[in-house]
Amino acid sequence: MKIRTKIQWYSSLFLSVMLVLLSIIVLIAFLWISIEREQDMLENQASLIEENVKAKDLMSGHSSLLEPYTPDDGMVRVFDTERRLVNIFTDEEDLQELMIKSVDEKGYDFSKVDGEYVLTYRYPYPEKGQSLGMIEVTQTQDTLLDHLSTLAIVLAGSSLLVILISIIAGKWLANLILKPIALMSRTMTDIEESGEFKQIPLSDQSKDELQIMGVAFNRMIGRLELNFNQQQQFLSDASHELKTPITVIESYSSLLKRWGMKDAAIQEEAVEAIHHEATRMKQLTEHLLQAASQTVPAADMEEKVELHSFCEQIAQTFRRTGNREVTVQSEFNEIYVMITPSKLEQVIVILLDNAMKYSELSINLIIKQQDERILISVVDQGPGISPEHLPHVFERFYRVDSSRTRKTGGNGLGLSIARSLVESFEGSLEIQSELGVGTTVTIILSHQILI
Ligand code: ADP
């Protein structure tokens, strides 16, 4: 069964049961209150007879004496101690057929006379403690029953009307609730069938749960689309990047095959080019693997690291291999952080590597504290990066000048890898650069400081 039908059926069924219960309670309450009132009235009449008519007259059989105390459509009967009828007054002939009950106690009776319901009040009639007989006051209850049936009809009619309205309201409510859900499932089917990312059209600006669900769905689809596009972009960039060195290697090896063995110059040029491209490809593959996997290796545990000596060690390696002046400046003799050393080393190496590639003068590694943060900056005196390129240098495969970076062996992945590594230990990476002055890339650590 559809949710729409379920909502309609269950809400109408629930309402119907409630209305039937309510009607029954109202009818019972009405009957009970009306009978109480009738009983009080009959009791009143009996007391009036006792108070106002002398026992002797009452038993005398003068029916006219009873007339003032007889209710409309009613009857008064007087019996002696032997339950023999001694006096009676009524306008209703039918009532005279009412059976005489041999009961001596005070009480009420509901009975049927000629198809009509009547209520009778029996009242033992004592005088000076001596029982003289019984007064019976009777009244037909047709009016009460008429009222009761009218009330039942009104209740049934109004209940039907309410149920009808509730069915229409249920339909409207089900439509209102299910419209966004139906829209969402249609969008999902569309996505599945077409393979395209689609969003749910959300028109109204309300902040209800369904609207929030729709917004969350659209946000999720947006994020999936972005991830998918990034992945596609990454794949096509990666294959494009790999294609160039492979083409170079292929063409130089063909050259070698055809002429190289005879010509020493060609041989040397080809071997040099193949070696250069193979190295670049190796580097690129390593970077690609790193960029593709964002998972932290199990062995990468955080450790207490003294930053000054840690940076000094890395700088020392660069001094030796790069044959360049690399200085380390620090505000502190010792400063400790809790960090995964391999990751921090990888980031510093990427930044120093860039500084080496894109500048020719000395490089500075500066460690300082700013508020609650530790800043590790790699400062070079290279050509700098122009402001229009600066916001993009953290993007994968982004290179400011591809001919220059090709020469230097760059593939546009270094800074993007550095940034994901820094983010993995909840730090951040900032870059400042001025054309002709140099570039400063800063690692900001805010949670790792150990005082
Ligand atoms: P690459 O492997 O090409 O160096 P990166 O992601 O490390 O890739 O850098 C992206 C681009 O930013 C580089 O191609 C280069 O043009 C520029 N760049 C990065 N660092 C520097 C720097 N220190 N000085 C000048 N340009 C830089």
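The structure displayed is predicted, hence computed values, not measured ones. (Residues numbered from 1 in each chain as written. Predicted model: local features only at pLDDT ≥ 70, side-chain atom pairs only at ≥ 80, totals over all residues. Heavy atoms only, no water.)

1. Re the site of the ligand
Alright, step 1. Close to the ligand lie 17 residues, the nearest being Asn354, Tyr358, Asp380, Gly412 and Leu415.
Alright, step 2. Between the ligand and the protein, one listed contact pairs an oxygen atom with a backbone N or O atom of valine 400 at 3.2 Å.
Alright, step 3. At 2.8 Å from an oxygen atom of the ligand is found a main-chain nitrogen or oxygen belonging to leucine 415.
Alright, step 4. Here the ligand loses 99% of its free accessible area of 530 Å² to cover by the protein chains. (Near = heavy atom within 4 Å. Polar contact = N/O pair within 3.5 Å; in protein donor to acceptor, adjacent residues only side chain to side chain. Areas by Shrake-Rupley, 256 points an atom, 1.4 Å probe, with all protein chains shown as cover.)

2. Topic: a negative patch on the surface
Alright, step 1. Residues Glu67, Asp72, Asp73 and Asp91 make up a contiguous surface patch of negative charge.
Alright, step 2. When you line up the elements, aspartate 72 lands in the loop between helix H2 (55-59) and strand S1 (74-80).
Alright, step 3. Taking the relative accessible area as the measure of exposure, aspartate 72 reaches 65% and is therefore exposed. (Patch = residues over 30% accessible without salt bridge, like charges linked within 9 Å, V, L, I, M, F, W, Y side chains within 5 Å. Salt bridge = Lys/Arg side-chain N within 4 Å of Asp/Glu carboxyl O. Lys, Arg positive; Asp, Glu negative; His and termini not counted. Charge placed at Lys NZ, Arg CZ, Asp CG, Glu CD. Helix = DSSP H or I, 4+ residues; strand = E, 2+ residues; numbered from the N terminus. Buried < 20%, exposed > 50% of the residue type's maximum accessible area, 1.4 Å probe, protein only.)

3. A closer look at the domain arrangement of the chain
Alright, step 1. Assigned domains within the chain: domain 1 (3-148), domain 2 (209-292) and domain 3 (303-450).
Alright, step 2. Just the C-alpha atoms count here: the centres of domain 2 and domain 3 sit 24 Å apart.
Alright, step 3. At the junction of the two partners, domain 2 supplies 13 residues and domain 3 supplies eleven residues.
Alright, step 4. A combined buried area of about 1,200 Å² lies between domain 2 and domain 3, and 50% of that area is made up of carbon and sulfur atoms.
Alright, step 5. Interface area lost by domain 2 to domain 3 is led by Glu241, Arg280 and His287, which between them contribute 38%.
Alright, step 6. Viewed at the interface, domain 3 and domain 2 are joined by zero salt bridges.
Alright, step 7. Taken together, the links from domain 2 to domain 3 amount to zero residue pairs in polar contact (both at pLDDT 80 or more).
Alright, step 8. The set of elements that each furnish at least two residues to the side of domain 2 that touches domain 3 consists of helix H4 (209-260) and helix H5 (264-292).
Alright, step 9. When residues of the side of domain 2 that touches domain 3 are assigned to their parent elements, the largest contribution, eight residues, is made by H5.
Alright, step 10. Per-class residue counts for the side of domain 2 that touches domain 3 are five nonpolar, five polar and three charged. (Domains from an automatic or database assignment. Contact = heavy atoms within 4.5 Å. Buried area = accessible area lost by both parts, 1.4 Å probe. Nonpolar A, V, L, I, M, F, W, Y, C, P; charged D, E, K, R; others polar.)

4. Looking at the environment of glycine 382
Alright, step 1. Here glycine 382 shows up in the loop between strand S10 (373-379) and helix H8 (402-408).
Alright, step 2. Residue glycine 382 is classed as buried on the basis of its relative accessible area of 7%.
Alright, step 3. For the pair glycine 382 and glutamine 232, spaced 150 residues apart in sequence, the C-alpha to C-alpha distance is 34 Å.

5. Observations concerning the packing of aromatic side chains
Alright, step 1. Under the definition given, this model contains four aromatic pairs.
Alright, step 2. For the ring pair tyrosine 108 and tyrosine 121, a centre distance of 4.9 Å and an interplane angle of 35° mean the geometry is tilted. Here tyrosine 108 is found in strand S3 (residues 107-113), whereas its partner tyrosine 121 is found in strand S4 (residues 116-127), with 13 residues between them in sequence.
Alright, step 3. On the basis of relative accessibility, which here comes to 2%, the residue tyrosine 121 falls in the buried class.
Alright, step 4. When the centroid spacing of 6.5 Å and the interplanar angle of 75° are considered together, the rings of phenylalanine 110 and tyrosine 117 count as edge-to-face.
Alright, step 5. On the basis of relative accessibility, which here comes to 41%, the residue phenylalanine 110 falls in the partly exposed class.
Alright, step 6. What links up through ring pairs into an aromatic cluster is the set Tyr108, Tyr121 and Tyr123.
Alright, step 7. Against the face of phenylalanine 79 rests arginine 83, its NZ or CZ located 4.5 Å from the ring centre. (Phe/Tyr/Trp six-rings, centres within 6.5 Å; stacked < 30°, edge-to-face > 60°. Lys NZ or Arg CZ within 6 Å of the ring centre and 35° of its normal.)

6. Thoughts on the nonpolar core
Alright, step 1. The biggest cluster of nonpolar side chains holds 50 residues, and the ones touching the most others in it are Leu344, Ile348, Leu352, Leu365, Ile374, Ile376 and Ile443.
Alright, step 2. In terms of residues, this core owes the most to one element, helix H7 (residues 341-358), which gives eight residues.
Alright, step 3. Viewed by domain, this core spans two of them, domain 2 (209-292) and domain 3 (303-450), each represented by three or more residues.
Alright, step 4. Among the nonpolar cores identified, the runner-up in size contains 18 residues, and Val53, Leu66, Val78 and Val137 belong to it. (Core = buried A, V, L, I, M, F, W, Y, C linked by side-chain atoms within 4.5 Å.)

7. Brief notes about the sheet that holds strand S11 (residues 428-434)
Alright, step 1. Here we have five strands laid out as an open sheet, ordered S7-S9-S10-S12-S11, and mixed in their pairing. Of all the strands in the sheet, just strand S7 (326-330) and S11 have a single pairing partner and so form its edges. For this sheet, the mean inter-axis angle between neighbouring strands, taken without regard to orientation, is 15°.
Alright, step 2. Contacting S11 and strand S12 (438-445), helix H9 (residues 414-424) crosses the sheet at an angle of about 140° to S11. (Pairing = 2+ DSSP bridges. Axes fitted to C-alpha atoms, helices over the stretch in contact; angles between N-to-C directions.)

8. Some words on helix H6 (residues 307-322)
Alright, step 1. Relative to the 22 Å expected for 16 residues at 1.5 Å per residue, H6 spans 22 Å between its end C-alpha atoms, a close match to the ideal helical length.
Alright, step 2. Of the positions making up H6, those classed as buried are Leu307, Phe310, Cys311, Ile314, Ala315 and Phe318. Down the axis of H6, the buried side of the element spans an arc of 125°, and every buried residue falls inside it. Across H6 from its buried face, at more than 90 degrees, point the exposed residues Gln313 and Arg320.
Alright, step 3. In this structure, the buried side of H6 is in contact with strand S6 (303-306), S7, strand S8 (336-339), H7, strand S9 (363-370) and S10.
Alright, step 4. By the N-cap criterion, in which a side-chain oxygen at the helix start approaches the backbone nitrogen of a residue two or three places on, H6 is capped by glutamate 306, the distance to histidine 308 being 3.1 Å. (Expected span 1.5 Å × (residues − 1). Arc of directions from axis to C-beta.)

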